[in-house]
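# Summary of the model geometry
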Amino acid sequence: MKPIQWTYRVKNVFFSFVHTAFPRYSKRFYELKCPDNYNLAFLHGEPIEWFNKEYNGNHGMFSASDMLGGKFTFLNRSKHFDTEIAWQNKEFSYLWDFNLHYFEYLLPIAKIEGKVAEAKVSSLLNNWIQENSCPVSPAWHPYTTSLRIINWVKLLLYYPKYGTQEILRSLYTQLAFLECNLEGHLLVNHIWENARALIFGGVFFRSSSADRWYAKGVNLLKNELSEEILPLGGHFERSPMYHSILLEGLFDTLQLLRWANKSENWIKPTTLKMCEWLEMIRTPDDNFPLFNDSATGISAKPSEILNNANRIINFPNNLRKNNIIDIDGLVVMDAGQFKCFIDGADIGPSYNPGHAHADNLTYELFFQKQPLVVDTGTPTYEINNVRQMSKSTREHNTVLINDLEQSELWGGFRAARRSNPDFNQVGSHEKYLIFAGEYTNRVYPDLGISHERHIISHRDKWILVWDKVLAKGELKSKSFCKLHPQWEVINKGDRFDLQNEAGDTLFLYPIMVENSSIIPSFYYPEFGSSHQTRKLFFTKDGEHHLEFGYLISVNQLLLSDVSVSSTKSRISFKLDGNFIDFSYESISN
């Protein structure tokens with residue numbers, strides 16, 4: 001942890017004690033910061049065209065029209081509220097309640113317009129104020145408070161008619177509370193959203209406190225943009241979902257700064273880099289790889305985000321892409337019919353890798369733009385066995401060595417000893433695209449365990465996954481390959497035939513493995529959504545040094561005609577009557 005995190009921990013422990021022991025005093029403390037009258041930004045200028053996102057009820061999230069009828073849906077769980085809202089729902093996860101308190105649905109409901117929508121918006125605002133006295137949780141958790149501040153300001157700048165004295169007083173109180181309860185003990189995406197909320201509040205209100213909020217928010221967000229965004233534009237928590245969520249928020253922040261005639265020069269270049277990264281890693285089905293804590297439906301789809309980027313910052317729609325690229329450790333290999341996404345990145349920031357999975361060198365694979373090999377996804381944020389299993393090495397398309405996890409993950413969002421990759425190399429050689437990566441297991445350093453993976457594709461014909469594992473003594477290796485539910489798998493003895501709903505057939509050949517089998521598994525592409533599927537399971541045991549792998553081909557091959565050998569600098573293989581041999585020094589980037 002950073003020293004600043006310890007400072008904030010001490011401070012937050014103090015405030016938490018005061019809030020718990022003296023809730024009435026705490027409420028009064030923040031309310032006394034409110035002025036008698038409010039000088040407001042919405043008296044000046046035109047409505048802001050915020051980030052445009054579709055809320056149609058897909059992917060287990062809410063539909064604004066359903067909410068008019070009282071149906072609230074988050075994370076594939078729905079509840080009907082006839083009149084007043086239950087702001088704490090123990091039958092659901094805490095993240096469900098968080099989404100309820102975010103109020104992201106507020107502006108979409110208001111845009112339906114009409115008396116019913118207007119009454120619904122006013123009811124939601126007033127009911128929240130009446131039922132959620134400061135500092136009750138989860139309503140006043142700093143993260144939910146941050147997102148709610150932003151969404152209330154977005155509503156009030158678009159529809160000033162909702163800005164009653166009671167609502168303005170509550171909003172001001174929330175900002176005063178947030179300023180004293182920033183999440184510096186966590187940092188990462190939490191302090192980022194805290195900063196954005198202070199900026200929104202600082203622009204919306206006109207007061208000395210608002211000026212202070214704005215200055216503090218800008219300073220915090222500038223620091224986080226520099227800290228959290230990697231050289232090629234990826235977010236350092238290594239979750240494409242959080243990257244997308246934060247990028248959405250930057251567009252709203254940009255629009256706010258423009259509306260308020262404030263400088264955007266400090267934020268626009270980073271926003272552009274983040275768009276480039278998202279465009280590079282966008283999957284053929286208009287999603288993103290589900291690496292680490294990622295799920296579809298929480299953020300907008302990449303196409304939605306990039307369409308907004310085109311509108312707001314003139315982001316080009318025809319960004320040129322290389323056939324293979326390492327973009328902040330996430331490798332994209334585009335070989336025509338096959339498109340592969342490889343996680344060769346660190347597991348996350350050293351001081352808070354809470355969203356990391358033990359998934360070094362895992363990958364996702366698409367065939368003819370349809371998912372073939374998939375990541376497990378993220379089923380829940382509840383601290384339970386399902387979450388722990390979904391983060392484990394055995395639930396990713398990589399190798400489990402001696403039944404030992406690659407990294408030590410615990411408590412839902414905690415990591416102790418972790419194994420980051422030692423190197424990645426990508427390039428091309430004639431008709432082949434090549435990835436090589438390696439990590440050393442630092443959870444059990446005395447065992448000398450390391451894993452080297454090569455992924456090589458021939459344009460339009462096949463893709464080879466080749467693993468080399470090393471240890472000081474005994475080795476028991478288990479390799480996993482999880483298939484998308486649309487693919488059926490048939491064991492043919494020396495190979496597996498893969499058939500999808502469209503009638504395509506692929507052939508998967510285990511190479512130099514001792515045993516191979518089909519085992520049941522689960523796929524979680526969305527929070528709260530579970531799909532039964534199958535994964536292929538390959539084993540090989542020995543001592544000190546093992547090599548094995550598998551090949552996925554468009555055409556049938558003679559198994560006797562397939563062989564592979566490798567060193568750290570060279571790989572050779574015989575395939576389909578051809579002998580291929582090259583050194584990694586010869587590949588071009």
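Parameters and conventions
- Residues numbered from 1 in each chain as written.
- Predicted model: local features only at pLDDT ≥ 70, side-chain atom pairs only at ≥ 80, totals over all residues.
- Heavy atoms only, no water.
- Core = buried A, V, L, I, M, F, W, Y, C linked by side-chain atoms within 4.5 Å.
- Buried < 20%, exposed > 50% of the residue type's maximum accessible area, 1.4 Å probe, protein only.
- Helix = DSSP H or I, 4+ residues; strand = E, 2+ residues; numbered from the N terminus.
- Contact = heavy atoms within 4.5 Å.
- Pairing = 2+ DSSP bridges.
- Salt bridge = Lys/Arg side-chain N within 4 Å of Asp/Glu carboxyl O.
- Expected span 1.5 Å × (residues − 1).
- Axes fitted to C-alpha atoms, helices over the stretch in contact; angles between N-to-C directions.
- Parallel < 35°, antiparallel > 145°, perpendicular 65-115°, else oblique.
- Left-handed = near helix turned anticlockwise from the far one by under 90°.
- Nonpolar A, V, L, I, M, F, W, Y, C, P; charged D, E, K, R; others polar.
- Arc of directions from axis to C-beta.
- 1 Å grid on protein atoms, 1.4 Å probe; cavity = no way out; pocket = protein on both sides within 12 Å on 5 of 7 lines; lining within 4 Å.
- Points joined across faces, edges and corners; volume = space filled by probe spheres on them.

## A few points about the nonpolar core
- Core analysis: the largest hydrophobic core is formed by 126 residues, its most contacted members being Phe72, Phe74, Tyr105, Phe205 and Phe251.
- The element best represented in this core is helix α11 (residues 240–259), accounting for 11 residues.
- Once you skip the residues sitting within four places of it in the chain, Phe205 turns out to touch Tyr38, Asn39, Leu40, Leu168, Leu171, Tyr172, Leu175, Ala210 and Trp213.
- Counting 41 residues, the second largest nonpolar core, distinct from the first, contains Met333, Cys340, Ala471 and Phe548.

## Observations regarding the pairing of strand β15 (residues 487–491)
- In this sheet, strand β16 (residues 496–500) lies alongside β15 in antiparallel orientation, the contact comprising five bridges. Opposite Val489, over in β16, you have Leu498 as the bridge partner.
- In this structure, the hairpin formed by β15 and β16 is closed by a connection of four residues, where Gly493 is found at a positive phi of approximately 90 degrees.

## Observations concerning the pattern of salt bridges
- A complete count under the given rule lists 22 salt bridges for this structure.
- Between Lys53 and Glu248 there is a salt bridge whose closest N-O contact spans 3.6 Å. Linking Lys53 in the loop between α2 (23–31) and α3 (64–68) with Glu248 in helix α11, this pair joins segments that are 195 residues apart in sequence. By the burial criterion, Lys53 is buried, and Glu248 matches it.

## Focus: helix α7 (residues 142–158)
- Between the first and last C-alpha of α7 there are 24 Å, a value that for 17 residues agrees with the 24 Å anticipated at 1.5 Å per step.
- The buried count for α7 comes to 17 of 17 residues, which makes it a mostly enclosed element.

## Details of the packing of helix α8 (residues 165–180) against helix α9 (residues 188–204)
- Where α8 contacts α9, the axes come no closer than 10 Å and their chain directions differ by 140 degrees. One way to sum up the angle between α8 and α9 is to call them oblique. Our pair here, α8 against α9, has a crossing hand that is left-handed. Contact with α8, carried on its side by Leu168, Leu171, Leu175, Leu178 and Glu179, involves Asn194, Ala197, Leu198, Gly201 and Phe204 of α9 and no other residues of that element.
- Here the residues of the contact of α8 with α9 are counted per class, giving seven nonpolar, two polar and one charged.

## Observations concerning helix α1 (residues 3–21)
- With 19 residues, α1 extends 28 Å from end C-alpha to end C-alpha; this agrees with the ideal 27 Å at 1.5 Å per step.
- Considered for burial, the residues of α1 that qualify are Gln5, Tyr8, Asn12, Phe15, Val18 and His19. One face of α1 carries all of its buried residues, which in axial projection span an arc of 145 degrees. Set apart from the buried face of α1 by more than 90 degrees, the exposed residues are Pro3, Val10, Val13, Phe14, Phe17 and Thr20.
- On its buried face, α1 sits against α2 and α8.

## Details of unusual backbone geometry
- Omega for the peptide link from Cys134 to Pro135 comes to 5 degrees, which places this bond in the cis form.
- By the element assignment, Pro135 lies in the loop between α6 (115–131) and α7.
- Of the consecutive residues Ser137 and Pro138, the connecting peptide bond is found in the cis state with omega at 10 degrees.
- With respect to the helices and strands, Pro138 occurs in the loop between α6 and α7.
- Even without being a glycine, Asn261 presents a positive backbone phi close to 60 degrees.

## Points about the side chain of Asp252
- Mapped onto the secondary structure, Asp252 falls in helix α11.
- Asp252 has contacts with Trp50, Phe51, Lys154, Arg196 and Phe200, leaving out every residue within four places of it along the chain.

## A word on empty space enclosed by the protein
- All chains considered together, the criterion is met by one cavity of 30 Å³ or more.
- Roughly 90 Å³ of volume is contained in the largest cavity.
- Along its surface, the largest cavity is lined by 13 residues, and Arg238, Trp277, Asp328, Leu330 and Ala345 are the ones closest to its centre.
- Looking at the lining of the largest cavity, its residues break down into seven nonpolar, three polar and three charged.

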